[in-house]
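Coordinate inspection notes
Single-letter residue listing:
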Amino acid sequence: MTGDHEEGDADPRTYARVVLVADAGVTVNSLAPALIGGTRILPADAGAVSRLPAPTPVGRLGTPDEVAAMATSMVTNGYLTNKVITLDGGLYPS
């Protein structure tokens, strides 16, 4: 996701959909993963973090399994709506 919103704040594109479907019990959220190893964007090798200009505070890259776990959590939570969840190992302060 790109835009001028803070972590957790609704993106205008997300909110526009929320108001259309909320009364039907549908939730709308966005997941914004960053620095996920083993993807086409970043290699999975152990030295990938050290080559970044600013390593993540947790000291490692995220994994595709962690992204999947967050997405599953978002889908199964019927009260979470209108949020952008940034999954970045603390790289971007909120």
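Along each chain, residues carry numbers from 1 onward, in the same order as the chain's sequence is written. Selection of residues for local features in this predicted model requires a pLDDT of at least 70, selection of side-chain atom pairs for listing and counting requires 80 or more, and totals for whole chains, interfaces and linings are taken over all residues. Computation of side-chain values covers all heavy atoms of the structure but excludes hydrogens and water.

Another point: the overall build of the protein chain. Within the protein chain one finds two helices and two strands. Secondary structure elements are defined from DSSP: runs of H or I of at least 4 residues count as helices, runs of E of at least 2 residues count as strands, and each element is numbered from the N terminus. Helices and strands appear in the protein chain in the N-to-C order α-β-α-β. Note on exposure labels: buried denotes an accessible area under 20% of the residue type's maximum, exposed denotes more than 50%, and partly exposed covers the range between, all computed with a 1.4 Å probe on protein chains only. Here the protein chain, with 94 residues, has 26% of them falling under the buried criterion. In the protein chain, 68% of the contacts between residues at least 6 apart in sequence involve partners at least 24 apart. Whether two residues are in contact is decided by their heavy atoms: any pair within 4.5 Å suffices.

Glancing now at the pattern of salt bridges. What counts as a salt bridge is simple: a side-chain nitrogen of Lys or Arg found within 4 Å of a carboxyl oxygen of Asp or Glu. Scanning the model with the defined rule gives one salt bridge in all. The shortest N-O distance in the salt bridge between Glu 66 and Arg 60 comes to 2.6 Å.

Now for the confidence of the model for the protein chain. On average, residues of the protein chain score 80 in pLDDT, and 73% of them reach the 70 mark or higher. Per-element mean pLDDT across the protein chain ranges from 82 in helix H1 (residues 12–21) up to 96 in helix H2 (residues 64–76). The score called pLDDT rates the predictor's confidence residue by residue, from a low of 0 to a high of 100. Taken as a whole, residues 1–5 scores under 50 in pLDDT and shows ten contacts with residues more than four places along the chain or in a different chain.

The next point concerns unusual backbone geometry. At Leu 35, a position not held by glycine, the phi torsion is positive, near 55°. Turning to its location among the elements, Leu 35 is positioned in the loop between strand E1 (29–33) and H2. For Asn 82, which is not glycine, the phi dihedral falls at a positive 65°. Structurally, Asn 82 can be placed in the loop between H2 and strand E2 (83–87).

Patch definition: residues above 30% relative accessible area lacking any salt bridge, with like charges linked at up to 9 Å and the nonpolar side chains Val, Leu, Ile, Met, Phe, Trp and Tyr linked at up to 5 Å. All accessibility values rest on the Shrake-Rupley procedure with a 1.4 Å probe; residue burial counts only the protein chains present in the view. A cluster of nonpolar side chains, contributed by Tyr 15, Val 19 and Leu 20, occupies part of the molecular surface with about 330 Å² of accessible area. Structurally, Leu 20 is set in helix H1. For Leu 20, a relative accessible area of 66% gives the class exposed.

It is worth spelling out the environment of Gly 90 at this point. With respect to the secondary-structure elements, Gly 90 resides in the segment after E2. Sequence separation between Gly 90 and Thr 56 is 34 residues; the distance between their C-alpha atoms is 6.1 Å.

Here we come to the environment of Pro 57. Mapping Pro 57 onto the fold places it in the loop between E1 and H2. The residues touching Pro 57, leaving out its near neighbours within four places in the chain, are Gly 89, Gly 90 and Leu 91.

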